[in-house]
Amino acid sequence: MKLKHFILLFLSLCLFFSCKENKVSQTTIKQDLLVDLSKLNNEIEKFINLADHNKSQKEILEQFKKSRLAYKKAEWAIEYFIPETARFMNGPALDEMELEENRSFEPHGFQVMEELIYPEYEIENKENLIRELNIFKSNIKQVQSTFEVITISNNYVLDAVQQNVYRIIALGITGFDSPILQSSIPETNQSLIEIPVIFEKINPNSKILADLKKLTLKAQKYCVDNNNFNAFNRAFFITEYLNPISKKIKIFQQQENIKIVTKNSPLKPTITTLFDKDAFDVNGFVLSKDYNFTADKATLGEKLFYDKSLSKNNNRSCASCHHPEKAFTDGLKTNLSLTGINLARNTPTLTYASLQNAQFWDMRQLDLEKQSVDVIQNKDEMHGSMESIHAKILLDQDYIKLFQKAFPKTTKPEAWQIQNAIASYVRSLNSFDSRFDLYMRGEKNALNNEEIEGMNLFMGKAKCATCHFTPLFNGTVPPSYSKTEHEVIGTPAEANGKKLSPDSGRYLYNKMPQLIGAFKTPTIRNIAITAPYMHNGVFKTLEEVVDFYNKGGGKGLGYDVENQTLPFDELKLNKKEEKALVAFMKTLTDKRYQ
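Here is what the cut-offs are and how they apply
- Every chain is numbered on its own, with residues counted from 1 as its sequence reads.
- Confidence filtering applies because this is a predicted model: local features only for residues at pLDDT of at least 70, side-chain atom pairs given and counted only at 80 or more, and all residues used for totals across whole chains, interfaces and linings.
- By convention in this description, side-chain values take in all heavy atoms of the structure and omit both hydrogens and water.
- Runs of E in the DSSP output that reach at least two residues are strands. Runs of H or I that reach at least four are helices, and both are numbered from the N terminus.
- C-alpha atoms define the radius of gyration in this analysis, and the globule rule sets the expected value at 2.2 Å times the number of residues to the power 0.38.
- Only protein chains enter the area calculation, which uses a 1.4 Å probe; residues under 20% of their type maximum are buried, those over 50% are exposed, and those in between are partly exposed.
- A contact between two residues is defined here by any heavy atoms of the two lying within 4.5 Å.
- The salt bridge criterion pairs a side-chain nitrogen of Lys or Arg with a carboxyl oxygen of Asp or Glu, the two atoms within 4 Å.
- One less than the number of residues in a helix, times 1.5 Å, gives the span that helix is expected to have.
- Any pair of N or O atoms that falls within 3.5 Å is considered a polar contact. Within protein, one atom must be able to donate a hydrogen and the other to accept it, and sequence-neighbouring residues count only if both atoms are side-chain atoms.
- Think of it this way: a Phe, Tyr or Trp ring, Trp meaning its six-membered ring, pairs with another when their centres are within 6.5 Å, and the plane angle makes it stacked under 30 degrees, edge-to-face over 60, tilted otherwise.
- Throughout this description, the term nonpolar core refers to a set of buried Ala, Val, Leu, Ile, Met, Phe, Trp, Tyr and Cys residues connected via side-chain atoms within 4.5 Å.
- In this analysis, axes come from line fits to C-alpha atoms, helices being fitted only over the stretch in contact, and the angle between any two N-to-C directions falls in the range 0 to 180 degrees.
- Under this scheme an angle from 65 to 115 degrees is roughly perpendicular, one under 35 degrees roughly parallel, and one over 145 degrees roughly antiparallel; angles in between are oblique.
- For a crossing to be left-handed, the near helix must be turned anticlockwise from the far one by less than a right angle; the clockwise case is right-handed.
- Each residue gets one label: Ala, Val, Leu, Ile, Met, Phe, Trp, Tyr, Cys and Pro are nonpolar, Asp, Glu, Lys and Arg are charged, and the others, such as Gly, are polar.

Enquirer: Please explain the overall build of the chain as it appears in this structure.
Expert: Helices and strands together make up the secondary structure of the chain, namely 20 helices and four strands. Its C-alpha radius of gyration of 27 Å places the chain within 12% of the 25 Å reference for a compact globule of 594 residues. In terms of overall dimensions, the chain has C-alpha extents of about 110 × 60 × 50 Å along its principal axes. With 594 residues in all, the chain has 55% of them scored as buried. Partitioning the contacts of the chain with sequence separation of at least 6, the portion at a separation of at least 24 is 67%.

See the structure below:
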């Protein structure tokens, strides 16, 4: 009888612990996320309490760091599912602008708080700090409400996690969202913690899970052992840990038969790393499917690109200012107008121009189609007419055949197709085969030690990658690539640096004070052969460019640039570091120009 009771007791205990274990294991990704948001809210409440009770800067700063770490645990979901709110939780401390309505919104979130408490926390900032913290709490509540009602399926979870790996590469380890404290490395460690936890929720018995855990733990340990921001080896960290983690995520997806998320994005859903040769889809930047790239359109566009009959006097083509051997620039400070007068701005490269959401230095056109029309009809550049060009093409049998092949659904060439063909040719000019690209795909000998040091400086101490985002090296913000940024850097009028350039940039078209002197952040791919540099071609060499940034831009030179977005403190790069930085930028040259 006693034995029977013992067996019943044993089975009851087993059932109890089994149920308890199942209860733990049965928590969903969504439930865990809501718990993480509650923990984040708790940290913010502690932060408010410390500020309200006038605690020391040390205590304030430590709580700020704890709060950021709590955010990083949920960042993968907040940034992916609710990007509009995320902008006001951990976005740049710069005004958010709606140019169509000519209005702006003041920034909120961690980066605003960072400026209030560091390097010194002044008690007069208390009211503003508490205000920011209460706004942050409201945003947490909004995020919680959203996640409580939406369904988060595994395919979207996987896509969000993969996007967050790309975010770590392009934004996280560069200091983009921690520009003053530079707490990026510990925060990267926190972001990585969630990856195996999330995947274990999807399938704890996955064959790839053990490998993913080991890899993630090694990456975390590397962050712990190498937490100095300036000394951190980003080249090693990306190639040895982040790229392999990215590949493991794709393998997991395939093994679990989880569908790929199909969305209109410049990043192809099939890629294994951010550095795949065909990672970017130019169709992610087109107006509609009718404008999608095809090789036949590019062939037609190339003919149009070199056709001087597009100009009024039949003496200038697109290629007159965009020379193929110079990565489609012209080597001049500024080119000449049709009347022989110097144009106001330097001719930018057309390579990789298709991977951005704005064209021209002042970003006045959003796509390549409108860009081509703008140039053709500009009285100083080509002074042509789309109507007359269209009429000429309708009389040219060779052109008609090319148009019929490029646009088989139409019976005769249409005006919009001229623009689309030229734009398609420009969209064909992205190679992604520089020595940098080869190195990121595993060819360890593609870069030497000095160039690797330069890459680490570019993505770290020199702060270049906080504006020229890896791997496009332009201002199109990863990982969604839905927005292209401008910067106000205070470019001088002449190389001697005695006065500020008078060009007001974007302000010419949008009379907002934040835009005075604002220019698009261009790609620096192929920069070794696209001199001279800046919107006015003021610098002849990369060494001059690096020296300008090292001094803190225009404000660092003493100019009155109240709205400068570039940090104006000296970077304190020594000559060896400046040389390494230039050496790295030269590795971004495509194979065709080497």
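Enquirer: How should the pattern of salt bridges be read in this particular structure?
Expert: Opposite charge on two side chains allows them to pair when their charged atoms are near. The full count for this structure, using the stated rule, is 35 salt bridges. For Glu200, the salt bridge goes to Lys213, with nearest N and O atoms at 3.3 Å. Taken together, the residues span a long stretch of sequence, with Glu200 in helix H8 (residues 184–202) and Lys213 in helix H9 (residues 209–225) at a distance of 13 residues. With relative accessibility at 34%, the residue Glu200 sits in the partly exposed group. Lys213 gets classed as partly exposed once you look at its relative accessible area, which sits at 30%. With its nearest N and O atoms 3.0 Å apart, the salt bridge here joins Asp362 to Arg364. Each of the salt bridges in this network shares a partner with another, and the network as a whole consists of Arg68, Lys72, Glu75, Asp177 and Glu187.

Enquirer: So what exactly am I meant to see when it comes to helix H10 (residues 234–255) here?
Expert: Side chains of residues three or four places apart in an α-helix project in the same direction, reflecting 3.6 residues per turn. An ideal rise of 1.5 Å per residue puts 32 Å on 22 residues; H10 measures up with 30 Å between its terminal C-alpha atoms. Its side-chain oxygen 3.3 Å from the backbone nitrogen of Ala235, Asn233 forms the N-cap of H10.

Enquirer: Where do I start with the packing of aromatic side chains in this structure?
Expert: In this description, a pair of aromatic rings is defined by centroid distance and the angle of the planes. What the rule picks out here adds up to 36 aromatic pairs. Taken together, a centroid distance of 6.2 Å and an interplanar angle of 25° make the contact between Phe403 and Phe407 stacked. By the burial criterion, Phe403 is buried, and Phe407 matches it. Geometrically, the ring pair formed by Phe407 and Trp416 is edge-to-face, given 5.5 Å between the ring centres and 75° between the ring planes.

Enquirer: Which parts of the structure should I look at to understand the nonpolar core?
Expert: Inside soluble globular proteins, nonpolar side chains tend to come together where they are buried. Leu129, Phe147, Phe199, Phe237 and Phe458 are the most contacted members of the largest nonpolar core, which totals 117 residues. Sequence-distant contacts of Phe458, that is, excluding residues within four places in its chain, are made with Lys463, Cys464, Ala465, His468, Phe473, Ile524, Leu581, Phe584 and Met585. Leu304, Met386, Tyr399 and Ile422 belong to the second largest nonpolar core, which has 18 residues in total.

Enquirer: I would appreciate a short explanation of the packing of helix H3 (residues 57–81) against helix H5 (residues 110–117) in the present structure.
Expert: Any two packed helices are characterised by the angle at which their axes cross and by the distance between the axes. In contact at an axis separation of 11 Å, H3 and H5 are set at 165° when each is read in the N-to-C sense. By the angle between their directions, the pair H3 and H5 is classed as roughly antiparallel. Crossing handedness for the pair H3 and H5: left-handed. Across from Gln57, Ile60, Leu61, Phe64, Ser67, Arg68 and Tyr71 in H3, the residues of H5 making contact are Phe110, Met113, Glu114 and Ile117. In terms of residue class, the contact of H3 with H5 is made up of seven nonpolar, two polar and two charged.

Enquirer: When you look at the side chain of Gln371 in this model, what are you seeing that I'm missing?
Expert: Within the secondary structure, Gln371 is located in helix H12 (residues 368–377). Given a relative accessible area of 13%, Gln371 falls into the buried group. Beyond its immediate chain neighbours, meaning those up to four positions away, Gln371 contacts Gln359, Phe360 and Gln365.

Enquirer: Is there a simple way to think about unusual backbone geometry in this case?
Expert: As a rule of thumb, non-glycine residues mostly have phi less than zero, and peptide bonds are mostly trans rather than cis. Cis peptide bonds are those with omega within 30 degrees of zero, and the linkage from Tyr118 to Pro119 qualifies with 10°. As for its position among the elements, Pro119 is in the loop between H5 and helix H6 (126–149). That bond from Thr470 to Pro471 is cis: its omega, 5°, falls within 30 degrees of zero. The phi angle at Met363 is positive, at roughly 60°, despite the residue not being glycine. Of note, Met363 is situated in the loop between helix H11 (295–305) and H12. The residue Lys572 is not glycine, and still its phi comes out positive at about 60°. Among the secondary structure elements, Lys572 is positioned in the loop between helix H19 (553–556) and helix H20 (575–585). When its relative accessible area of 64% is taken as the criterion, Lys572 is described as exposed.

Enquirer: Please explain the environment of Asn474 as it appears in this structure.
Expert: Along the polypeptide, Asn474 turns up in the loop between helix H17 (449–458) and strand S3 (486–487). The contacts of Asn474, once residues within four sequence positions are left out, are Tyr352, Leu355, Gln356, Cys467, His468, Phe469, Thr521, Pro522 and Thr523. In terms of polar contacts, Asn474 uses its side chain to reach the backbone amide nitrogen of Thr476, at 2.9 Å.

Enquirer: Can you help me understand H17 in this one?
Expert: Counting buried positions along H17 yields seven of ten residues, so the element is predominantly enclosed. Buried within H17 we find Glu451, Ile452, Gly454, Met455, Asn456, Leu457 and Phe458. Buried residues in H17 make contact with H10, helix H16 (435–440) and H20.

Enquirer: I would appreciate a short explanation of the environment of Met455 in the present structure.
Expert: Checked against the element boundaries, Met455 lands in helix H17. The buried category is assigned to Met455, whose relative accessible area is 0%. Once you skip the residues sitting within four places of it in the chain, Met455 turns out to touch Ala235, Ile238, Phe436, Met440 and Phe584.

Enquirer: Quick question: what am I supposed to make of the side chain of Asn203 here?
Expert: Summarising the element assignment, Asn203 is placed in the loop between H8 and H9. By relative accessible area, which is 17% here, Asn203 ends up buried. Polar contacts involving the side chain of Asn203 include one to the side chain of Glu256, which spans 3.0 Å. Filtering out sequence-adjacent residues up to four positions away, Asn203 remains in contact with Leu209, Phe252 and Glu256.

Function cannot be read off these values alone, since they describe shape.
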